[in-house]
Amino acid sequence: MSTGASARVARESGTNFYYAFRLLPAEKRRAIFALYSFCRVVDDCVDEEGGEGEAGLDRWMQEVYRCYGGKPETDLGQDLAEALFQFPIPRSCFEEIVAGCRMDLTTRRYATWPDLRVYCERVASAVGLASIEIFGYQNPRTREYAVELGVALQLTNILRDVATDAARDRLYVPLEDLARFGVTAEELMRPRPARRPEITAVLAFQADRAKEHYEKARSLLPPEDRRAMLAAEIMGAVYRAILDAIVRRGYPLGPRLALSRLRKGWIALRTVPRVYWNV
């Protein structure tokens, strides 16, 4: 997979990150596309019908180790090896990403919020921690920002994808939250669940949790790193707009809600002056 192919993967997938990536300088853009493509292939191992599962995760983790040794065997590995030569991405980030994908093979329910947070940090915050090494930063506190923003983004994904995940027999709403609002897992995972007020209430609780993490991330971003984190801030703005749309539409439990490319492009453009000049 060439870097051009990696960019096409991002564009054609409709990822909400694409417009953030496009504003990066060329060498950073190549590196972030390679990272994104890696995340896609390991995610496909566990999410796509006929995916390679554990064997695929192991194969790609071995390729990561070869990349750190300067001996990749795949086109994507070559792109990753180039990124690792230019940017100090910790090996632990890839290990955590793969560990998070592995959880999707073994864990169908999460009893508590701390349990789910582990998953969120692996599949999303670890990507953020890798990404900020590409973006560049000065203040170590920016790592805390990346962790919290990753959690916020993943919680938004979870709320958007309740129906999609249910079709795979996966539920990412903590069981303790369901019990608190008097909702059963089976009830929430039905193809067309009856919309009792309790279901809306538990979904609103998840949305409020996501909002808290967006706000915490914003409070943690050091002023000296704001411009360096422009791409991350665009990601956050796009996903926050998705969350706001979910709330406005009453927490739909059907096909995943998506923003148009025009809307995502507009959000990206609108975020630039806020980050650069705080307007």
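Residues numbered from 1 in each chain as written. Predicted model: local features only at pLDDT ≥ 70, side-chain atom pairs only at ≥ 80, totals over all residues. Heavy atoms only, no water.

Asker: So what exactly am I meant to see when it comes to the overall build of the chain here?
Answerer: When helices and strands are tallied, the chain shows 14 helices and 0 strands. Ordered by position from the N terminus, the helices and strands of the chain form the series α-α-α-α-α-α-α-α-α-α-α-α-α-α. A compact globule built from 279 residues should have a C-alpha radius of gyration of about 19 Å, and the chain, at 19 Å, falls within 12% of that. In terms of overall dimensions, the chain has a C-alpha envelope of 55 × 50 × 35 Å along the principal axes. The 279 residues of the chain split such that 52% are buried. Within the chain, counting contacts between residues at least 6 apart in sequence, those at least 24 apart form 72% of the total. Separation between the mean location of the 41 positive side-chain charges and that of the 38 negative ones in the chain comes to 6 Å. (Helix = DSSP H or I, 4+ residues; strand = E, 2+ residues; numbered from the N terminus. Rg over C-alpha atoms; globule rule 2.2 N^0.38 Å. Buried < 20%, exposed > 50% of the residue type's maximum accessible area, 1.4 Å probe, protein only. Contact = heavy atoms within 4.5 Å. Lys, Arg positive; Asp, Glu negative; His and termini not counted. Charge placed at Lys NZ, Arg CZ, Asp CG, Glu CD.)

Asker: What am I meant to see in the nonpolar core here?
Answerer: Across soluble globular proteins, nonpolar side chains have a tendency to be buried as a group. Formed by 97 residues in total, the largest nonpolar core has its most connected members in Phe38, Val42, Phe94, Leu116, Phe135, Leu188 and Leu203. Top contributing element to this core by residue count: helix α13 (residues 230–248), with 13 residues. Beyond its immediate sequence surroundings of up to four residues, Phe38 is in contact with Trp60, Val64, Leu76, Leu80, Phe94, Ile97 and Val98. (Core = buried A, V, L, I, M, F, W, Y, C linked by side-chain atoms within 4.5 Å.)

Asker: Mind showing me how you'd approach the packing of aromatic side chains here?
Answerer: Think of a pair of aromatic rings as described by two things: how far the centres are apart, and how the planes are tilted against each other in angle. Inspection of every chain in the model, using the stated rule, returns 9 aromatic pairs. Judged by centre distance (5.9 Å) and plane angle (25°), the rings of Tyr110 and Tyr172 are stacked. With Tyr110 in the loop between α6 (91–106) and α7 (113–135) and Tyr172 in the loop between α9 (162–167) and α10 (175–181), this pair connects stretches of sequence that are 62 residues apart. Looking at Tyr110, the relative accessible area reads 3%, which means it is buried. Seen from their ring centres, Phe181 and Phe205 are 5.5 Å apart, and the 55° between their planes marks the pair as tilted. Residue Phe181 is located in helix α10, and its partner Phe205 is located in helix α12 (residues 197–220); the two are separated by 24 residues in the primary sequence. Through a chain of ring-to-ring contacts, the aromatic side chains of Phe21, Phe33 and Tyr36 assemble into a single cluster. Taking NZ or CZ as reference, Arg91 lies 4.8 Å from the ring centre of Tyr68, over its face. (Phe/Tyr/Trp six-rings, centres within 6.5 Å; stacked < 30°, edge-to-face > 60°. Lys NZ or Arg CZ within 6 Å of the ring centre and 35° of its normal.)

Asker: Can you help me understand the environment of Tyr119 in this one?
Answerer: Along the polypeptide, Tyr119 turns up in helix α7. Each C-alpha atom, one on Tyr119 and one on Cys101, is 8.7 Å from the other, the two residues being 18 residues apart in sequence. Contact partners of Tyr119, with chain neighbours within four places excluded, come to Gly100, Met103, Asp104, Tyr110, Gln154 and Tyr172.

Asker: What is the right way to read the layout of surface pockets from this model?
Answerer: Once rolled over the atoms, a probe with the size of a water molecule shows which space is left empty. What the second largest pocket holds in volume is close to 330 Å³. The leading source of residues in the lining of the second largest pocket is α13, at 6 residues. (1 Å grid on protein atoms, 1.4 Å probe; cavity = no way out; pocket = protein on both sides within 12 Å on 5 of 7 lines; lining within 4 Å. Points joined across faces, edges and corners; volume = space filled by probe spheres on them.)

Asker: Help me out: how do you make sense of helix α5 (residues 75–86) in this one?
Answerer: Given 3.6 residues per helical turn, the α-helix brings residues three or four places apart onto the same face. For α5, which comprises 12 residues, the first-to-last C-alpha distance of 17 Å matches the rise-based estimate of 16 Å (1.5 Å per residue) to within 8%. Restricting attention to buried positions, one finds in α5 the residues Leu76, Gly77, Asp79, Leu80, Ala81, Ala83 and Leu84. (Expected span 1.5 Å × (residues − 1).)

Asker: Please clarify how the pattern of salt bridges should be interpreted in this entry.
Answerer: Note that side chains of opposite charge can pair when their charged atoms are close. Across all of its chains, the model carries 20 salt bridges by this definition. A salt bridge links Arg102 to Glu54, with the nearest nitrogen and oxygen atoms 3.0 Å apart. A residue pair is termed long-range when its members are at least 10 positions apart, and Arg102 in helix α6 and Glu54 in helix α4 (residues 53–68) qualify at 48 residues. The class of Arg102 is partly exposed, set by a relative accessible area of 27%. The salt bridge partner of Arg109 is Asp169, with a shortest N-O separation of 3.0 Å. With Arg109 in the loop between α6 and α7 and Asp169 in the loop between α9 and α10, this residue pair connects regions lying 60 residues apart in the sequence. The partly exposed category is assigned to Arg109, whose relative accessible area is 30%. (Salt bridge = Lys/Arg side-chain N within 4 Å of Asp/Glu carboxyl O.)

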